[in-house]
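Structure at a glance
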Amino acid sequence: MKKHFLIVLALFFGNYLLMAQDDLMKELEQSQDKDTEYAFQTFKGTRLVNGHTIETKNKGTLEFIFAHRFGPVNGGLYELFGLDDAYVRLGLDYGITDNLSVSIGRNSVDKTMDGYVKYKLLRQSKGARNFPLTITALGGTAYKTSPKKEDALPGFENVHRLAYVGQLLIARKITPSLSLQIMPSFVHRNAVNKSFENNDDIAIGAGGRIKLTKSVAFTSEYYYRLNVPDGNPYKNTLGFGIDIETGGHVFQIVMTNTRGLTERAFLTETEGDFGDGDIHFGFNVTRTFQLKRK
Amino acid sequence: MRKYVVLYLFILISGILNAQRYTSEKGHITFFSDATIEDIEAENTIVGSLFNATSGEVVYIIKIRDFVFDKALMREHFNEKYMESEKYPKATFQGRVVGFKPDIIGAQKVRAVGKLSMHGVVRDIDVPGSAENVNGKIHMKSKFIMKLEDYNIKIPTLVWQNIAEQIEVSVDFIYKPA
């Protein structure tokens, strides 16, 4: 009887000891739901070099983009290595939701007005929901305001000023410092010179970024045109950049063989040959404003 | 013998009941950084915690990504540059609440003593706070200062907004019996 009582007593204390040693942390971990971790900041900016990244602006965020390309460096000292010329795009991007952005801008090349709609279709995530890629769809229109109506050739209609772009931007943040992106792209121009141009052009782009430090990254971008007609004088676009992020600003210093900053201009009408030194220095500077607070 | 087994099971069950477990799924942790250009404030309202009132043991798991800021960009920078939340997704606290007597009515001064693990660094902390038993729910609060460099959090030299080297952390949990 006494022995049994001792066993119970031992069990009783053993029980309490077990309770005390019971790992509260493990219990808490197990009680929590497995959550979905979305990849964020796959790229620092909404532009890789000339073209777009998968990134859209967050809800209620307005970004002012000032992009600038100098003339080609092979202009030599006479052109101060391109610094005598400047091509500018002023733009605004706004996040309607975290996944939907709109953008407007004006590029001095062909005095072009442009507008874009960008929507994040799928987001790279792991955890409860696993998906390897972020996929963003982009649609845009560009309207050349040059030449003036009175200076235009006979038969030139306003509708000839229009061009359209459709892109699928597909990216993966492979590690926190390495992200890669491919960009199947389609450009339609209402008016072209049929002897050496297509109305519809297809290109595939590839690019990426490597973070050098927490605030500095190296980026590059190349677009390969798939249906180049015979006698077409234009080149594929290549660009390199360094992104420097400081608080609400991103500075991108770029080198590219194109001066245009709309897809029509840089995908289908790039004149420069990178290998021949038709390299334009330039920069994209962004400033972000939070219009709606959370 | 059988009655001892029954007695043992009874004690086992009462032991579990006696352990006075408390849980909080929506604990608030906020921090405030007083900087020259811009004050920065962030809030996490879904911090999970368990508290054992018998032993005083308490644990928290804080998901870094759940901190919400006034500006979306701040949240991105916080995760990407400061906390490196892809590498260190969680901060945890594991320790005990010292000086809490569940039966006393009214607010009591207590201390939380234990290990705070964040950004890959584990440190022993001892912070003051208060605890109050309100109709069977335990309300715990604490406010303390934390130095960024203690947790190896570096401020990039390029950042414009000077970020304060220490931040004020507020903790506010309401525990329900588990």
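For the structure given in this document, a descriptive report is provided here. (Residues numbered from 1 in each chain as written. Chains lettered and ligands numbered in written order. Predicted model: local features only at pLDDT ≥ 70, side-chain atom pairs only at ≥ 80, totals over all residues. Heavy atoms only, no water.)

Side note on the overall build of chain B
- Tallying secondary structure elements over chain B gives two helices and nine strands in all.
- Reading chain B from its N terminus to its C terminus gives the helix and strand order α-β-β-β-β-α-β-β-β-β-β.
- A separation threshold of at least 6 residues defines the contact pool for chain B, and within that pool the share at least 24 residues apart is 58%.
- Surface summary for chain B: the accessible area is close to 9,500 Å², and the carbon and sulfur share equals 55%. (Helix = DSSP H or I, 4+ residues; strand = E, 2+ residues; numbered from the N terminus. Contact = heavy atoms within 4.5 Å. Areas by Shrake-Rupley, 256 points an atom, 1.4 Å probe, with all protein chains shown as cover.)

A short note on the sheet that holds strand 12 (residues 237–246) of chain A
- The sheet built from 12 strands closes into a barrel, its strands ordered 2-3-4-5-7-8-9-10-11-12-13-14 (chain A) with antiparallel pairing. Neighbour-to-neighbour, the strand axes of the sheet open up by a mean angle of 20°, direction not taken into account.
- Of the pairings in the sheet, the one linking strand 10 (residues 200–211) of chain A to strand 11 (residues 216–225) of chain A comprises nine bridges and is antiparallel in character. Residue A:Ile204 lies in a different strand from strand 11 of chain A, and its bridge partner there is A:Tyr224.
- Strand contacts of helix 2 (residues 72–82) of chain B: strand 2 (61–72), strand 8 (162–173), strand 10, strand 12 and strand 14 (280–290) of chain A, with the helix running at about 115° to strand 14 of chain A, the strand carrying the most contacts. (Pairing = 2+ DSSP bridges. Axes fitted to C-alpha atoms, helices over the stretch in contact; angles between N-to-C directions.)

Observations regarding the layout of surface pockets
Residues and elements named next belong to chain A.
- Considering only enclosed or pocket space, the second largest pocket measures out at about 500 Å³ in volume.
- Along its surface, the second largest pocket is lined by 28 residues, and Asp110, Lys144, Ala191, Arg264 and Glu269 are the ones closest to its centre.
- For the lining of the second largest pocket, the secondary-structure elements that each account for two or more residues are strand 8 and helix 3 (263–268).
- The class makeup of the residues in the lining of the second largest pocket is 12 nonpolar, seven polar and nine charged. (1 Å grid on protein atoms, 1.4 Å probe; cavity = no way out; pocket = protein on both sides within 12 Å on 5 of 7 lines; lining within 4 Å. Points joined across faces, edges and corners; volume = space filled by probe spheres on them. Nonpolar A, V, L, I, M, F, W, Y, C, P; charged D, E, K, R; others polar.)

Structural notes on the nonpolar core
- Judged by nonpolar contacts, the single largest core of 43 residues is most densely connected at B:Ile29, B:Phe51, B:Tyr60 and B:Tyr175.
- For this core, the element with the most residues is strand 9 (residues 166–177) of chain B, which contributes five residues.
- Here B:Phe51 is in contact with B:Gln20, B:Arg21, B:Tyr22, B:Gly56, B:Glu57, B:Val58, B:Val97, B:Phe100, B:Ile138, B:Met140 and B:Tyr175, once residues within four sequence places are set aside.
- Core analysis: the next-biggest nonpolar cluster, separate from the first, contains 14 residues, A:Phe43, A:Tyr116, A:Val165 and A:Met183 among them. (Core = buried A, V, L, I, M, F, W, Y, C linked by side-chain atoms within 4.5 Å. Buried < 20%, exposed > 50% of the residue type's maximum accessible area, 1.4 Å probe, protein only.)

Remarks on helix 2 (residues 24–31) of chain A
- All buried positions along helix 2 of chain A are accounted for by A:Leu24, A:Met25 and A:Leu28. Projected down its long axis, helix 2 of chain A carries its buried residues within an arc of 100°, all on one side.
- Lining the buried residues of helix 2 of chain A we find strand 1 (21–33), strand 2 (40–52), strand 3 (57–63) and strand 5 (90–98) of chain B.
- One side-chain oxygen of the residue at the start of helix 2 of chain A lies 2.9 Å from the amide nitrogen of A:Met25, identifying that residue as A:Asp23. (Arc of directions from axis to C-beta. Polar contact = N/O pair within 3.5 Å; in protein donor to acceptor, adjacent residues only side chain to side chain.)

What to know about helix 2 of chain B
Residue and element names in this part refer to chain B.
- Taken across its 11 residues, helix 2 has 10 buried, putting it largely inside the fold.
- Along helix 2, the positions that sit buried rather than exposed are Ala72, Leu73, Met74, Glu76, His77, Phe78, Asn79, Glu80, Lys81 and Tyr82.
- Phi turns positive, to about 45°, at Glu84, one or two residues after helix 2.

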